[in-house]
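Here is how the chains run, residue by residue.
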Amino acid sequence: TDFGIGRIDRLEFHPSDASIVYAGAAGGGLWRTSDAGATWSNLTADLPCLGISGIGIDPNDNNTIYILTGDGDSDLSGLVEDFGYMRFSIGVLRSTDGGARWTRLASFPGVTNTLVGYRLIMHPNNSNILFACTSEGLFRTNDGGNNWVAVETTGGRFYNMKFKPGSTDICYAVANNGNVSRFYR
């Protein structure tokens, strides 16, 4: 058996086929297995080396995949940042053909600094609604990434967000502005 080196930041399971799993690497892009992990193929080999911090699979069209770029887990200073190995975000990318081709979607509004991503969340009932947790705040799209709005940018880094179990109207998010951790509902 060959073992690779590197860090996997995110996993996402196919909505209806348990043998298909997507893995987002810290610096190696998006990978997919169709045989429950026996073999893997890189879906972003033609793109610059990307850190993948969020993956969304449209449950209504499994060929539509969203990825949030930028390795947020390495953006806390230290060796990675000091030596210039940061994987900054280029935003959200979408594929409508199962990962063969990718399109860069609209930019996050008001962001002038480089940012990293932490999590991409898809609404449970409407795959056009996505939330991006980033180092510059929480952003939302209602149209599949063609336009983004800032939900909250004063709370600092948004690390995670989840829908309340059994609810599509209530979400919980966590953020940190460097000194204070915040919990949002």
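In this text, all values refer to a predicted model and were calculated from it rather than measured experimentally. (Residues numbered from 1 in each chain as written. Predicted model: local features only at pLDDT ≥ 70, side-chain atom pairs only at ≥ 80, totals over all residues. Heavy atoms only, no water.)

A.B. asks: How do you make sense of the nonpolar core when you look at a structure like this?
C.D. replies: Soluble globular proteins: nonpolar side chains tend toward being buried together. Counting 14 residues, the largest nonpolar core has Ile121, Phe131, Cys133, Leu138, Phe158, Met161 and Phe163 as the members making the most contacts within it. Elements with a contribution of two residues or more to this core: β9 (117-122), β10 (130-134), β13 (157-163) and β14 (171-176). Excluding residues within four positions of it along the chain, Phe158 makes contact with Tyr118, Cys133, Thr134, Gly137, Leu138, Glu152, Ala173, Val174, Ala175 and Tyr184. (Core = buried A, V, L, I, M, F, W, Y, C linked by side-chain atoms within 4.5 Å. Buried < 20%, exposed > 50% of the residue type's maximum accessible area, 1.4 Å probe, protein only. Helix = DSSP H or I, 4+ residues; strand = E, 2+ residues; numbered from the N terminus. Contact = heavy atoms within 4.5 Å.)

A.B. asks: What am I meant to see in the environment of His123 here?
C.D. replies: Looking at the secondary structure, you find His123 in the loop between β9 and β10. With 46 residues separating them in the primary sequence, His123 and Asp169 have C-alpha atoms 9.5 Å apart. Setting aside anything within four residues of it in sequence, one finds His123 in contact with Ile129, Phe163 and Thr168. Within polar-contact distance, the side chain of His123 engages the backbone nitrogen of Asn126 at 3.2 Å. (Polar contact = N/O pair within 3.5 Å; in protein donor to acceptor, adjacent residues only side chain to side chain.)

A.B. asks: Explain the layout of surface pockets here, please?
C.D. replies: Where empty space is left becomes clear once a probe the size of a water molecule has been rolled over the atoms. Here the second largest pocket defines a volume of roughly 330 Å³. Glu12, Ile55, Gly56, Leu120 and Met122 are, among the 17 residues lining the second largest pocket, the residues nearest its centre. Looking at the lining of the second largest pocket, the elements that each hand over two or more residues are β1 (8-13), β5 (52-57) and β9. In terms of residue class, the lining of the second largest pocket is built from 10 nonpolar, three polar and four charged. (1 Å grid on protein atoms, 1.4 Å probe; cavity = no way out; pocket = protein on both sides within 12 Å on 5 of 7 lines; lining within 4 Å. Points joined across faces, edges and corners; volume = space filled by probe spheres on them. Nonpolar A, V, L, I, M, F, W, Y, C, P; charged D, E, K, R; others polar.)

A.B. asks: Explain the state of the cysteines to me, please; I cannot follow it from the model alone.
C.D. replies: Formally, a disulfide is one covalent bond, and it connects the sulfur atom of one cysteine to the sulfur atom of another. Tallied over the entire structure, the rule returns zero disulfides. Among the cysteines around Cys133, which has no disulfide bond, Cys171 carries the closest sulfur, lying 9.7 Å off. Using a relative accessible area of 0% as the deciding quantity, one classes Cys133 as buried. Its relative accessible area of 17% is what places Cys171 among the buried residues. (Disulfide = S-S within 2.5 Å.)

A.B. asks: Which parts of the structure should I look at to understand the side chain of Asp58?
C.D. replies: Mapped onto the fold, Asp58 is located in the loop between β5 and β6 (65-69). No salt bridge is formed by the buried Asp58; its nearest oppositely charged neighbour, Arg94, is found at 8.7 Å. Excluding anything up to four places from it in sequence, Asp58 contacts Pro15, Thr64, Met122 and Ser127. (Lys, Arg positive; Asp, Glu negative; His and termini not counted. Salt bridge = Lys/Arg side-chain N within 4 Å of Asp/Glu carboxyl O.)

A.B. asks: Could you clarify how one ought to interpret the pattern of salt bridges in this entry?
C.D. replies: Any two side chains of opposite charge can pair if their charged atoms end up close together. Following the criterion strictly, the structure yields three salt bridges and no others. For the salt bridge of Arg7 with Asp71, the shortest nitrogen-to-oxygen distance reads 2.8 Å. Within this pair, whereas Arg7 is found in the segment before β1, its partner Asp71 is found in the loop between β6 and α1 (79-82), the two being separated by 64 residues in sequence. Here Asp71 falls in the buried class, since its relative accessible area comes to 2%. Among the salt bridges present, the one from Arg101 reaches Asp97, with a minimum N-O distance of 3.0 Å.

A.B. asks: Would you take a moment to explain unusual backbone geometry for this structure?
C.D. replies: For residues that are not glycine, phi is negative in most cases, and the peptide bond is trans in most cases. Phi is positive for Ala36, which is not a glycine, with a value near 60°. In this fold, Ala36 is placed in the loop between β3 (30-33) and β4 (41-42). Residue class for Ala36 comes out exposed when judged on its relative accessible area of 60%.

A.B. asks: I'm lost on the sheet that holds strand β8 (residues 103-104) in this one. Help?
C.D. replies: With respect to topology, four strands assemble into an open sheet ordered β5-β6-β7-β8, the strand pairing being antiparallel. On the outer flanks of this sheet lie β5 and β8, each paired with one strand and no other. When β6 meets strand β7 (residues 92-95), the two strands line up antiparallel, connected through four bridges. Note that in β7 the partner of Ile65 across the bridge is Ser95. (Pairing = 2+ DSSP bridges.)

These values are about where atoms sit, not about what they do.
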